[in-house]
Amino acid sequence: MAKKKTPAKKADAKPVDISKHLDSIIEGDCIEGMKKLPDASVDLIFADPPYNLQLGGDLTRPDNSRVDGVDDEWDKFDSFRAYDAFTREWLAEARRVLKPDGAIWVIGSYHNIFRVGAAIQDTGFWILNDVIWRKSNPMPNFRGTRLTNAHETLIWAAKSQKSKYTFNYRALKTSNDDLQMRSDWEFPICTGSERIKGEDGNKTHPTQKPESLLFRILIGSTKPGDVVLDPFFGSGTTGAAAKYLGRRFIGLERDETYIKAAKARIAKVKPLDDESLITQPSPKAAARVPFGTVIEHKLLKPGSKLYSPRKNHAAQVRADGSLYVKEGENEIQGSIHKVGAAVQNAAACNGWTYWHYEEKTGLKPIDFLRDKIRKGMAS
């Protein structure tokens, strides 16, 4: 009996080298441009797709001057079905090129963001937040037939529900005067020197986004050296912000005028030095330091007292790193977290921020002592 011939194995396709595309603009259609990139090759995508504004004629001001709105061919689609098909196609490519722990930001107006949001979920992304960009200087509604459109919506989504996406929580909190960053952001629209204009004095791109918006997005959801892809590069706001903040960028753009303006703009950007790019580390990324280690390093002595923020509860530190509280007939002992929760009748407590030690300058959270140990580990 003749043996069956084993079919010859096909040679593995040579992986595409993404390095040749870094810090550059790929000219042409965004979907075809993404097809030139390898699977799982970018860390973050910022997308400002066509709004599909469905304009019904020219828009004029009360003095009859024409409003320079979005009437470009790239924003025109034959139907909602055509726009949806385009959206799903570019989102599928975007998800393919994202790394497993990558994420995407998409911005839009009421004309398109809800359709895009549904497509994001249908494509397999996992929505993390929607963010409202409130414009401090919005364009008025000149016809007076509707409310002034004073905001746009951003959707932030991870590649999948299991993605360990980058979120620099502490960096954003620090930049917000130690308050948690909220999901409503206020920035002005591009005006003055930031607005890119051509030789004729007209704005180069009708929907140029402020660099401050991209600054916050990149600080909050990328690390220095990460690769950021913008499939609708326009006048290069993403590239300018990425270069300034020590990130790498890839732009996709088909309009030669926009490409020329973006290249000239980005060439003028001077990147920050490495030292300036260091951000507050995420608590989850920091080295674990048990409270017992604070005792072992003699930063607190057994027998010393810890206090609640208002000093209405006091606990004694023991050599094994436990706390002991006696209030009336009640005696409580255990970890800094367990005892902190018990004295407050709470389900849980972060003992590092609840318990304070006393210095000449007043009470300080014991988290300061943990930070001292972490700094010693890093030195």
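Quick note: structure is the one above.
Remember, it's a predicted structure, so these values are computed and weren't measured experimentally. (Residues numbered from 1 in each chain as written. Predicted model: local features only at pLDDT ≥ 70, side-chain atom pairs only at ≥ 80, totals over all residues. Heavy atoms only, no water.)

Caption draft 1: Layout of the overall build of the protein. From N to C terminus, the protein includes 11 helices and 14 strands. Here the protein holds 379 residues, and the buried ones make up 42% of them. When contacts within the protein are restricted to residue pairs at least 6 apart in sequence, long-range pairs at least 24 apart make up 66% of them. Summed over all atoms, the accessible surface of the protein reaches about 22100 Å², with 50% contributed by carbon and sulfur. (Helix = DSSP H or I, 4+ residues; strand = E, 2+ residues; numbered from the N terminus. Buried < 20%, exposed > 50% of the residue type's maximum accessible area, 1.4 Å probe, protein only. Contact = heavy atoms within 4.5 Å. Areas by Shrake-Rupley, 256 points an atom, 1.4 Å probe, with all protein chains shown as cover.)

Caption draft 2: Summary view of the packing of helix α5 (residues 211-221) against helix α6 (residues 237-244). Closest axis-to-axis distance for the α5/α6 pair is 9 Å, and the angle between their directions is 55 degrees. Considered as vectors, α5 and α6 are oriented oblique to each other. Considering the relative orientation of α5 and α6, their crossing is right-handed. Across from Glu211, Leu214, Phe215 and Leu218 in α5, the residues of α6 making contact are Thr237, Thr238, Ala240, Ala241, Ala242 and Tyr244. Taken together, the residues of the contact of α5 with α6 sort by class into 7 nonpolar, 2 polar and 1 charged. (Axes fitted to C-alpha atoms, helices over the stretch in contact; angles between N-to-C directions. Parallel < 35°, antiparallel > 145°, perpendicular 65-115°, else oblique. Left-handed = near helix turned anticlockwise from the far one by under 90°. Nonpolar A, V, L, I, M, F, W, Y, C, P; charged D, E, K, R; others polar.)

Caption draft 3: Representation of the side chain of threonine 238 within the structure. Inspection of the secondary structure assignment puts threonine 238 in helix α6. At 2.7 Å, the side chain of threonine 238 forms a polar contact with the side chain of aspartate 230. Leaving out residues up to four positions away in the same chain, threonine 238 has contacts with Phe46, Leu214, Val228, Asp230 and Phe233. (Polar contact = N/O pair within 3.5 Å; in protein donor to acceptor, adjacent residues only side chain to side chain.)

Caption draft 4: Structural view of the environment of glutamate 327. Position of glutamate 327 among the secondary structure elements: in strand β11 (residues 323-327). Each C-alpha atom of the pair glutamate 327 and histidine 313 lies 8.4 Å from the other, and the pair is 14 residues apart in sequence. Apart from residues lying up to four places away in sequence, glutamate 327 is in contact with Asn312, His313, Ala314 and Val343. Only 2.6 Å separates the side chain of glutamate 327 from the side chain of histidine 313, close enough to count as a polar contact.

Caption draft 5: Looking closely at unusual backbone geometry. One non-glycine residue, aspartate 177, lies in positive phi territory at about 55 degrees. Among the structural elements, aspartate 177 can be located in the loop between α4 (169-175) and β6 (184-187). Its identity as a non-glycine residue notwithstanding, lysine 298 has a phi of 60 degrees, on the positive side. On the secondary structure map, lysine 298 appears in the loop between α8 (291-296) and β9 (305-307).

Caption draft 6: Structural detail: the sheet that holds strand β1 (residues 24-27). Spatially, the 8 strands line up as an open sheet ordered β1-β8-β7-β2-β3-β5-β4-β6, and their pairing is mixed. A single partner strand is all that each edge strand has here, and the edge strands are β1 and β6. Between one strand axis and the next, the sheet turns through 20 degrees on average, direction left out of account. Bridging between strand β2 (residues 42-47) and strand β7 (residues 227-230) involves 2 bridges; their strand directions are parallel. Note on β7: the bridge partner recorded for leucine 44 is valine 228. Most of the contacts of α5 go to β6, to which it runs at about 140 degrees, and overall it touches β2, β3 (98-108), β4 (126-135), β5 (151-158), β6 and β7. Strands in contact with helix α7 (residues 256-267) are β1 and β8 (248-253); relative to β1, the strand with the most contacts, it is inclined by about 175 degrees. (Pairing = 2+ DSSP bridges.)

Caption draft 7: Representation of the packing of α6 against α7 within the structure. Two elements in contact, α6 and α7, have axes whose closest approach is 9 Å; the angle formed by their N-to-C orientations is 20 degrees. Comparing the axis directions of α6 and α7 gives the class roughly parallel. Note on packing geometry: the crossing formed by α6 with α7 is right-handed. Residues Thr237, Gly239, Ala240 and Lys243 of α6 form the contact with α7, whose own contacting residues are Arg265, Ile266 and Ala267. Its residues assigned to classes, the contact of α6 with α7 comprises 3 nonpolar, 2 polar and 2 charged.

Caption draft 8: Region of the structure containing α6. The buried fraction of α6 is high, at 6 of 8 residues. Every buried residue belonging to α6 is among Thr237, Thr238, Gly239, Ala240, Ala241 and Ala242, and all of these are buried. On its buried side, α6 packs onto β2, α5, β7, β8 and α7. Note on α6: the residue one or two positions beyond its end, glycine 246, has a positive phi of about 70 degrees.

Caption draft 9: Region of the structure containing the pairing of strand β14 (residues 362-365). Note: strand β13 (residues 356-359) against β14, 4 bridges, orientation antiparallel. Within β14, the residue paired with tyrosine 357 across the bridge is lysine 364. Two successive antiparallel strands, β13 and β14, enclose a turn made up of 2 residues.

Caption draft 10: Quick look at the environment of aspartate 184. Within the element layout of this structure, aspartate 184 appears in strand β6. Counting along the chain gives 51 residues from aspartate 184 to tryptophan 133, while the straight-line C-alpha distance between them is 6.1 Å. Here the side chain of aspartate 184 touches arginine 182 through a polar contact of 2.8 Å, side chain to side chain.

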